[in-house]
Amino acid sequence: MKLAARVSQVTPSLTLAIAAKAKAMKAEGIDVCSFSAGEPDFPTPAHICEAAKQALDAGKTRYGAAAGEPELRNAIALKLQIDNNINYQPANIIVTNGGKHSLFNTILALIEHGDEVIIPAPYWLSYPEMVKLAGGTPVIVETLAENAYKITPEQLKAAITPKTKIFILNSPSNPTGTVYTPEEIRTIAEIIVDRDLLVISDEIYEKILYDGVEHLSIGSIAPEVFERTITSNGFAKSYSMTGWRLGYAAAPVELIDATIKIQGHSTSNVCTFAQYGAIAALNHSQACVQEMLEAFTVRRKVMYEAISSISKLSCPKPYGAFYLFIDIRKTGMTSLEFCNALLEEQQVAAIPGIAFGADNCIRLSYATDLKTIQEGLKRLEKFVS
Ligand SMILES: *Cc1c(COP(=O)(O)O)cnc(C)c1O
């Protein structure tokens, strides 16, 4: 069979092999400590599940508007006005099948052959592949651990060419946990406006912040930044709703209408009754978000202190999300060698950094219980020494 060229350009998930191996070992009854999860380990809060159940009983089981249920678009617009200080109206919102789909639709609506998209590495692994699927060219800019894996204004400016169309900003970041300061975000915004680019701001981890650091939404800075910003977000990480497939993009109406068109011919609306869970998530108390954050805060401290005490490993302190991005250079191994050996010798699963464009690192997720964390860290230390 002759497959389309666009498929052959896409890299299959490098992390799958290790994840599959870890799963197979677990199935054999082997006690695996897994730090590989890219999702919160908590159940979805009960009031959110209850709202979806009620919607099912109330017959919310039919096709809905491709853009999303009007009540949910309203609630998201209000959330963005209040939490993020961006003046989005319901017409600026599209509800999508997860944050991933929001990004994919946006890139598909904007990128064509020859367009360049600047992506700081380490990056979330889907960004470059989405750009390639749309026919564009990802321009990867390597950031440094010494700079907490943040792109500098000089690096950003140097990567811009006449073909650059979009810069992708992900703060807090997966995989590094880095958070750009409001000052840094303002400087990036100046460059975006000055060079007339667009910025996709993936804010999926905006609620998972530590030590009082602040999240600034780039779209809130000024009208000329608003016009150039696509704010992408979702319910997966803040509300532990990964399997629900609920995300959204907010942007100028012209772009949102284009993504509604794409969605209308691909997925149509997001699961109708699931959207009622999202409405409940936004409209009810946010105490559940706080509770999960408190658990993450304890785990982060345990993880960061343990890793910092291992002389061959180092990582910048993460200020957001639930990952540690650890430099393994001193072990002399590549990230795949390290993760394979770690799994085989100590039954600890970690994600090789090469999946995120950084082969001298591994990613450990602390979206798992403290007992697993403590045991896994012990084994990791044994492995490294
Ligand atoms: C998890 C994640 C998303 C979106 O996930 P969905 O499950 O599709 O909502 C987007 N960006 C980053 C960086 C993520 O880690």
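The preceding data block contains the structure.
Residues numbered from 1 in each chain as written. Predicted model: local features only at pLDDT ≥ 70, side-chain atom pairs only at ≥ 80, totals over all residues. Heavy atoms only, no water.

(A) Focus on the overall build of the chain. Across its full length, the chain holds 14 helices and 12 strands. Relative to a compact globule of 385 residues, whose C-alpha radius of gyration would be 21 Å, the chain shows 21 Å and is just as compact. For the chain, the residues scored as buried account for 54% of the 385 residues in total. Counted over contacts in the chain with a minimum sequence separation of 6, partners at least 24 positions apart contribute 75%. Put simply, the chain shows about 16800 Å² of open surface, and 53% of that area lies on carbon and sulfur atoms. One way to put it: in the chain the 35 positive side-chain charges average out to a point 4 Å from where the 41 negative ones average out. (Helix = DSSP H or I, 4+ residues; strand = E, 2+ residues; numbered from the N terminus. Rg over C-alpha atoms; globule rule 2.2 N^0.38 Å. Buried < 20%, exposed > 50% of the residue type's maximum accessible area, 1.4 Å probe, protein only. Contact = heavy atoms within 4.5 Å. Areas by Shrake-Rupley, 256 points an atom, 1.4 Å probe, with all protein chains shown as cover. Lys, Arg positive; Asp, Glu negative; His and termini not counted. Charge placed at Lys NZ, Arg CZ, Asp CG, Glu CD.)

(B) Geometry of the packing of aromatic side chains. Overall, the coordinates contain 14 aromatic pairs when judged by the stated rule. Between Tyr205 and Phe322, the ring centres sit 5.5 Å apart and the planes meet at 80°, which makes this aromatic pair edge-to-face. A residue pair is termed long-range when its members are at least 10 positions apart, and Tyr205 in the loop between β6 (198-202) and α9 (223-226) and Phe322 in the loop between α12 (287-308) and β9 (323-327) qualify at 117 residues. Side by side, Tyr205 and Phe322 carry an identical accessibility label, which is buried. Taking the centre distance of 4.8 Å and the plane angle of 50° together, the rings of Phe322 and Tyr323 count as tilted. An aromatic cluster is defined as three or more aromatic residues linked by ring pairs; in this entry it consists of Phe42, Tyr205, Tyr210, Phe296, Phe322, Tyr323 and Tyr366. (Phe/Tyr/Trp six-rings, centres within 6.5 Å; stacked < 30°, edge-to-face > 60°.)

(C) Seen up close, the layout of surface pockets. Counted as a void, the largest pocket has a volume near 1000 Å³. Lining the largest pocket we find 40 residues, and of these Lys100, Trp124, Leu125, Ser126 and Asn174 sit closest to its centre. Elements with a minimum of two residues in the lining of the largest pocket: α2 (15-27), α5 (98-110) and α6 (126-133). Classifying every residue of the lining of the largest pocket by side-chain character gives 22 nonpolar, 11 polar and 7 charged. Both of domain 1 (5-44 + 287-384) and domain 2 (62-283) provide at least three residues apiece to the lining of the largest pocket. When its volume is computed, the second largest pocket comes out at roughly 240 Å³. (1 Å grid on protein atoms, 1.4 Å probe; cavity = no way out; pocket = protein on both sides within 12 Å on 5 of 7 lines; lining within 4 Å. Points joined across faces, edges and corners; volume = space filled by probe spheres on them. Nonpolar A, V, L, I, M, F, W, Y, C, P; charged D, E, K, R; others polar. Domains from an automatic or database assignment.)

(D) Summary view of the sheet that holds β6. Spatial ordering of the open sheet is given by β2-β8-β7-β6-β5-β3-β4, a layout of 7 strands whose pairing is mixed. Of all strands in the sheet, those with a lone pairing partner are β2 (93-96) and β4 (137-142), marking the two edges. Averaged over all pairs of adjacent strands, the angle between their axes in this sheet comes to 20°, without regard to strand direction. Bridging between strand β5 (residues 164-170) and β6 involves 5 bridges; their strand directions are parallel. Residue pairing across strands places Asn170 opposite Asp202, the latter belonging to β6. (Pairing = 2+ DSSP bridges. Axes fitted to C-alpha atoms, helices over the stretch in contact; angles between N-to-C directions.)

(E) The sheet that holds β9, seen in detail. Taken together, 3 strands build an open sheet; the order of strands is β9-β12-β11 and the sheet is antiparallel. One side of each edge strand has no neighbouring strand; the edge strands of this open sheet are β9 and β11 (351-352). Relative to strand β12 (residues 361-365), β11 runs antiparallel, the two sharing 2 bridges. In the strand pairing of β12, Ile351 is matched with Arg363. Packed onto the sheet, α12 meets β9 and β12 and runs at close to 5° relative to β9.

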